[in-house]
Amino acid sequence: MAKIHPSAIIEEGAQIAESAEIGPLCWISSKAKIGENVRLLGRVTIMGDTTIGEGTVVFPGAVLGGGPQDHGNEFQPNAKLVIGKRNVIRENVTMHCGTPKGQNPIPGEEPEKLITRVGDDGMFMINSHVAHDCVVGNNVIMTNNAVIAGHVRLGDGVILGGNSAVHQFCRIGRKAMVGGMSGVDRDVIPFGMVAGDRGKLRGLNVIGLKRSGLDEHTVKSITRAFMFLFKGKEGNFESRLAEAKEKYKDNALVMEQLKFIDEALVGRRNVMQAE
């Protein structure tokens, strides 16, 4: 049987794995699904239809699965929050369920509705917030007080600095990094580096790329492509984008960036430009 503190309140119908630990003063809703080796350390609130994957640890004060802060959609009966495996969710983190409006669509894909998804192996530090209809990838780090608005997508390996904020419907590409106290109001390319109170694309997350195991030659090739596309003097951005697709067609990482930009343009969103 699961290790459940006697002061915890578990509503009838909640599914709790035998290896889970439920600490003092926790409250778990009837629709919750708590996976193997999940630890709710104490004073954790699990609301609505919330799934927490195996090995995730949740610290005191966290509220997961609450209704969205979206007027008129606060109490959708079929709304869900799905959290993956081995996440660390620190004090006072909030994550909300989805709405009928659905997730931020990617061209060619059908977005899910009424669901917020969080991947595996993430760290969500104190007071960070994941809003309704967001899709958060694997190995994401949201530092203290980092917040993302509704319908945001964070790619795998994204890092959001302390007190940063991402505007609704924005996408942050894989392994991009947003500096502390930055506001993001446009899509950020994969591997991008954003800084400034009104976030600007300052370059590439070179340190993050090297830590990922990429060799010096590969990192330099991505940097040269970035300089050509965003800092080039010839033509406009659209013409350089078209040229880059031919120029770097054999570079998978650059092509990943260009595909991301194409998707943003199809979706009529703005891609953050470099200064």
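Structure's up top.
Residues numbered from 1 in each chain as written. Predicted model: local features only at pLDDT ≥ 70, side-chain atom pairs only at ≥ 80, totals over all residues. Heavy atoms only, no water.

Observations regarding the pattern of salt bridges
Inclusion rule: A carboxyl oxygen of Asp or Glu within 4 Å of a side-chain nitrogen of Lys or Arg is what we treat as a salt bridge. Secondary structure elements follow DSSP: runs of H or I no shorter than four residues count as helices, runs of E no shorter than two count as strands, and numbering proceeds from the N terminus. Note on classification: 1.4 Å probe, protein chains only; a residue is buried when its accessible area is under 20% of the maximum for its type, exposed when over 50%, partly exposed between these limits.
Within this structure, the stated rule accounts for 13 salt bridges. With its nearest N and O atoms 3.0 Å apart, the salt bridge here joins Lys 101 to Asp 70. Of this pair, Lys 101 sits in the loop between β14 (94–96) and β15 (115–118) while Asp 70 sits in the loop between β11 (63–66) and β12 (80–83); the two residues are 31 residues apart in sequence, bridging distant segments of the chain. With a relative accessible area of 52%, Lys 101 lands in the exposed category.

Considerations on the packing of aromatic side chains
Put simply, the test is: Pairs were defined over the aromatic rings of Phe, Tyr and Trp, the Trp ring being its six-membered one, requiring ring centres within 6.5 Å. Orientation was assigned from the angle between planes: stacked under 30 degrees, edge-to-face over 60, tilted for the rest. A ring has a charge above it when a Lys NZ or an Arg CZ is no more than 6 Å from the ring centre and no more than 35 degrees off the ring normal.
Summed over all chains, the structure comprises three aromatic pairs. A centroid spacing of 5.5 Å and a plane angle of 45° characterise the contact between Phe 230 and Phe 237, whose relative ring orientation is tilted. Taken individually, Phe 230 and Phe 237 each receive the classification buried, so the pair is uniform in this respect. Three or more aromatic residues joined by ring pairs make a cluster, and in this case those are Phe 226, Phe 230 and Phe 237. The ring of Phe 260 is capped by Arg 171, whose NZ or CZ atom sits 3.9 Å from the centre of that ring. Positioned over the ring face of Phe 228 is Lys 247, at 5.5 Å from the centre of the ring.

Here's the deal with the pairing of strand β28 (residues 200–204)
Note the following rule: If DSSP finds at least two bridges between two strands, the strands pair.
Of the pairings in the sheet, the one linking strand β27 (residues 192–195) to β28 comprises four bridges and is antiparallel in character. Considered in β28, the bridge of Ala 195 is made with Lys 200. Here β27 folds back onto β28 in antiparallel fashion, the turn holding four residues, of which Gly 196 has a positive phi close to 105°.

Quick look at the nonpolar core
Side chains that are nonpolar tend, in soluble globular proteins, to be buried together. Our working rule: We define a nonpolar core as any set of buried Ala, Val, Leu, Ile, Met, Phe, Trp, Tyr and Cys residues linked to one another through side-chain atoms lying within 4.5 Å. The criterion used for residue contact is that any of the two residues' heavy atoms lie within 4.5 Å.
Core analysis: the biggest nonpolar cluster contains 69 residues, and Leu 40, Met 95, Ile 148 and Leu 154 have the highest contact counts within it. Per-element tally for this core: the top contributor is helix α2 (residues 216–231), with seven residues. Not counting the four nearest positions on each side in its chain, Ile 148 is found in contact with His 129, Val 130, Ala 131, Cys 134, Val 136, Met 142, Leu 154, Leu 160 and Val 166.

Examining α2
Test applied: The span you would expect from a helix comes to 1.5 Å times its residue count less one. Between N or O atoms, a polar contact is any pair within 3.5 Å; within protein, one atom must be a potential hydrogen donor and the other a potential acceptor, and residues adjacent in sequence are included only when both atoms are from side chains.
The end-to-end C-alpha distance of α2, which contains 16 residues, comes to 21 Å, matching closely the 22 Å that a straight helix rising 1.5 Å per residue would cover. Burial in α2 covers these residues: Thr 218, Val 219, Ser 221, Ile 222, Ala 225, Phe 226, Phe 228, Leu 229 and Phe 230. Regarding α2, its N-cap is Asp 215, as a side-chain oxygen of that residue lies 3.1 Å from the backbone nitrogen of His 217 further along.

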